[in-house]
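A structural walkthrough
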Amino acid sequence: IRGRFQGLSLTRDGRLTTREAQAAEREMDALLEAGRNAHEAVMTKCEFEQALDAFEARKSAESGRDFHLTPEQRSAAEMILTGKDRFQGIQGLPGTGKTTLLQFVREAAESKGWAVVGHSNGAEQAQKVEAESGIRTSTTASRLIAQEREQHGKAPSEVRHELRIMDEASQSGQRQFNRILRTSEHAGAKTIFIGDKHQHQSVESGKAFELAQAHMQVAELGREAISRQTTGNAIAVVSAVLDKKYHDAMLSMDVQEIRPNQDALSEDANRASKRFAARQDNQAVIAQIGRDYAELDRRTRDGTMVISGTNDDRKAINYAIRSELKSREELAGAVDATTLQKVDMEKAAARRAVSFEAGHVIEAVTDAKRQNVHRGERFTVRVADSRTNTLSVIDDAGRRRVLDPGSIQFRAYNRETREFAPGDKVRFTENHQLGDGTRVRNGQRGEITAVNARRDQLTVRTAGRSVEVPAQDAKLDYSYATTSHSGQGRDERAAWIHHNTEAGRHGDREALVNATRAKETQ
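Residues numbered from 1 in each chain as written. Predicted model: local features only at pLDDT ≥ 70, side-chain atom pairs only at ≥ 80, totals over all residues. Heavy atoms only, no water.

**Examining the overall build of the protein**
For clarity, the cut-off: Counting from the N terminus, the helices are DSSP H or I runs at least four residues long and the strands are E runs at least two residues long. A radius of gyration in this sense is built from C-alpha atoms; the matching globule rule multiplies 2.2 Å by the number of residues raised to 0.38. For each residue, the accessible area found with a 1.4 Å probe, counting protein chains only, is set against the maximum for its type, and the residue is called buried under 20%, exposed over 50%, and partly exposed in between. Surface accessibility in these figures is a Shrake-Rupley result with a 1.4 Å probe; residues are shielded only by whichever protein chains are displayed. Under this rule, positive means Lys or Arg and negative means Asp or Glu; His and the chain ends count for nothing. By convention, charge coordinates are those of NZ in Lys, CZ in Arg, CG in Asp, or CD in Glu.
Counting its secondary structure elements, the protein contains 16 helices and 25 strands. Its C-alpha atoms give the protein a radius of gyration of 25 Å, near enough to 24 Å, the size a compact globule of 522 residues would have. Principal axes of the C-alpha set define a box for the protein whose edges measure 65 × 60 × 60 Å. In the protein, buried positions account for 48% of the 522 residues. Approximately 26300 Å² of the protein is accessible, and the part contributed by carbon and sulfur atoms is 46%. If you average the places of the 80 positive and of the 77 negative side-chain charges in the protein, the two averages end up 5 Å apart.

Structural data, given as structure tokens:
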């Protein structure tokens, strides 16, 4: 027992954790405390009042109605712009007008000569923040890489007139959160963390944003500031979920339950039979979603979000919807493409040959001069030898090579065939650069507008422009449905929530995220 639990400690609430995790939390606490009163205010309180008056007057004129920030938005903006702490936070429930608040903060800060930049853990969320607030926003991962590269070998700066906005901060693990703190301190910048401790957290370890709130000034955007929902139905659902009255929330929704196989079971049916029946019913539910979605007109489809709890169900819903659209001859002129679907693999595992399988496509993340491997170069694994920790591979020219994953950082993919046609909704599955130099982001959505079988090329309309994507080894997937975790930060006119009782963790966080995506109906 001693050996098994060596290196583990108890947290204050009685959970087991590693000493490394506790050390990371202590580092975060120290950095946040050191940031108190360690920067400059963007403006004085008098200047803040003048800037706010001008902003509200302009917005009123543009909209033709009286416009004012809510009291909570105003308080949060005042904290950011007149406070002197290096690090501050905004704890905001979904739909509380964070991007409107950020638009004002950006304009006010820029009027005083400050640079304002943003980053978010999801590409789609980053794109939304940029579109709605005007803040140049990238993904957190890419921003960290750029900042750490810029700071390498340079001495720390005391104060820099740069305001950094981190959206969806609750989705950062402890290690990433600490990197953000360190790069901000080194650059002399001021950073605002925006998130919600009640929504989905990071897939990596740690509840950094939630724990950080005890060590920095935090403004709260609560239920009184919620403005996303515009109908009595949607407001009632969100209100019931916030009160954890899930039965009442269900009564406010348009719910369809399909369970003929489970209802046909005898009272003494065993657990295996019950699970099998539930899986059959889930397949029927997914098929019905496909039919119902296909019956919508194009405009209604574009404003409808389909959410599921698991990746497997997301894929099944995508295929069900496409099957129905094809049967209605809405996806004509399709071509088969090979896509690269990323294999979920930790960095440590990627250094061991045993983690790879024959048929995996591996892509070099960095250059490796000793093995004559260049960043972005791809190989197909033939044999993984765990004894020598080597991979026998074939390069794109058909040559056989032997590579050492212990000294080269690789990403691994499965090659999967996808059928794409004009009209297909798609998303990019990884940050990368296309052949024409256009950079696309993981999760960025678009629509295929044309296919060129002769040139093996797909034309995708995304982020307001058309880009050309190769039909071979494309980093694309369908985007008719999304998981709850990936959907956090999005909103649409309507949301359809798929609930599989036999899969996923349908807890408070998922319920809150799912219930708050729709503006009007769900």
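**A short note on unusual backbone geometry**
Although it is not a glycine, Glu168 sits at a positive phi angle of roughly 50°. Within the secondary structure, Glu168 sits in the loop between strand 6 (162-167) and helix 7 (174-187). Accessibility expressed as a relative area gives 11% for Glu168, which makes it buried. With a phi close to 50°, Ala463 is a non-glycine residue in the positive phi region. Relative to the assigned elements, Ala463 resides in the loop between strand 20 (457-462) and strand 21 (465-470).

**Examining helix 6 (residues 140-151)**
Basically, it comes down to this: Here, expected helix span is obtained from the residue count minus one, scaled by 1.5 Å. By definition in these notes, contact holds between two residues if any of their heavy atoms fall within 4.5 Å.
In this model, helix 6 (twelve residues) spans 16 Å end to end at C-alpha, consistent with the 16 Å of a helix rising 1.5 Å per residue. Considering only its buried residues, helix 6 is in contact with strand 4 (115-120), strand 5 (136-139), strand 6 and helix 7. Just downstream of helix 6, Gly153 is the residue with a positive phi angle, here 80°.

**Observations regarding the nonpolar core**
Definition in use: By convention a nonpolar core is built from buried Ala, Val, Leu, Ile, Met, Phe, Trp, Tyr and Cys residues, the set being connected through side-chain atoms within 4.5 Å.
Grouped together as the largest cluster of nonpolar side chains are 30 residues, with contacts concentrated most on Phe420, Leu458, Val460, Val469 and Leu476. Of all elements in the fold, only helix 12 (271-295), helix 14 (311-327), strand 10 (335-342), strand 16 (425-428), strand 20, strand 21 and strand 22 (476-478) reach the threshold of two or more residues within this core. At five residues, the largest contribution of residues to this core is made by helix 12. Not counting residues within four places of it along the chain, the set of residues in contact with Val460 comprises Val426, Phe428, Gly446, Glu447, Ile448, Arg465, Ser466, Val467, Val469 and Leu476. One finds Met79, Ile80, Ile135 and Ala219 within the second-largest nonpolar core, a separate group that totals 29 residues.

**A word on the packing of helix 12 against helix 14**
Here is the rule we go by: For helices, the axis comes from a line fit to the C-alpha atoms of the stretch in contact; other axes are also lines fit to C-alpha atoms, and the angle between any two N-to-C directions lies between 0 and 180 degrees. Oblique is the label for any angle not covered by the other classes, which are roughly parallel (under 35 degrees), roughly antiparallel (over 145) and roughly perpendicular (65 to 115). Each crossing is labelled by how the near helix is turned from the far one, with a counterclockwise turn of less than a right angle marking it left-handed and a clockwise turn marking it right-handed. Side-chain classes follow a simple rule in which Ala, Val, Leu, Ile, Met, Phe, Trp, Tyr, Cys and Pro form the nonpolar group, Asp, Glu, Lys and Arg form the charged group, and the remainder, Gly included, forms the polar group.
Between helix 12 and helix 14, the least distance of the axes is 8 Å, while the angle of their chain directions is 45°. It follows from the interaxial angle that helix 12 and helix 14 lie oblique. Helix 12 and helix 14 meet at a crossing whose hand is right-handed. Where helix 12 approaches helix 14, its residues Asn282, Ile286, Ile289, Gly290, Arg291, Tyr293 and Ala294 are matched on the opposing element by Asp313, Ala316, Ile317, Ala320, Ile321, Glu324 and Leu325. Broken down by class, the residue content of the contact of helix 12 with helix 14 amounts to nine nonpolar, two polar and three charged.

**Looking at helix 14**
The terminal C-alpha atoms of helix 14, which comprises 17 residues, lie 25 Å apart, in line with the 24 Å expected from a rise of 1.5 Å per residue. Residues Asp313, Arg314, Ile317, Asn318, Ala320, Ile321, Arg322, Glu324 and Leu325 constitute the buried set of helix 14. Glu329 sits one or two positions beyond helix 14 and adopts a positive phi of about 60°.

**Comments concerning the confidence of the model for the protein**
Spelled out, the test is: Each residue carries a pLDDT value, the predictor's own confidence for that position, ranging from 0 to 100.
Chain-level statistics for the protein give a pLDDT mean of 93 and a share of 97% at 70 or above. Note that residues 1-5 has pLDDT below 50 and, in this model, one contact with residues that lie over four places away or in other chains.

**Details of the packing of aromatic side chains**
What counts, and what does not: Each Phe, Tyr or Trp ring, with Trp reduced to its six-membered ring, pairs with another whose centre is within 6.5 Å; inter-plane angles below 30 degrees give stacked pairs, above 60 give edge-to-face pairs, and intermediate values give tilted ones.
In the structure shown here, the tally under the stated rule is nine aromatic pairs. Note on Phe55 and Phe104: the rings are 5.2 Å apart at their centroids and 45° apart in plane angle, and the pair reads as tilted. Taken together, the residues span a long stretch of sequence, with Phe55 in helix 2 (residues 45-63) and Phe104 in helix 4 (residues 98-111) at a distance of 49 residues. When its relative accessible area of 1% is taken as the criterion, Phe104 is described as buried. When the ring of Tyr319 is compared with that of Tyr478, the centres are 5.7 Å apart and the planes differ by 85°; the resulting orientation is edge-to-face. Remark: Tyr478 occurs in strand 22 and Tyr319 occurs in helix 14; sequence separation between them is 159 residues. Take Tyr319: its relative accessible area is 40%, and that puts it in the partly exposed class.

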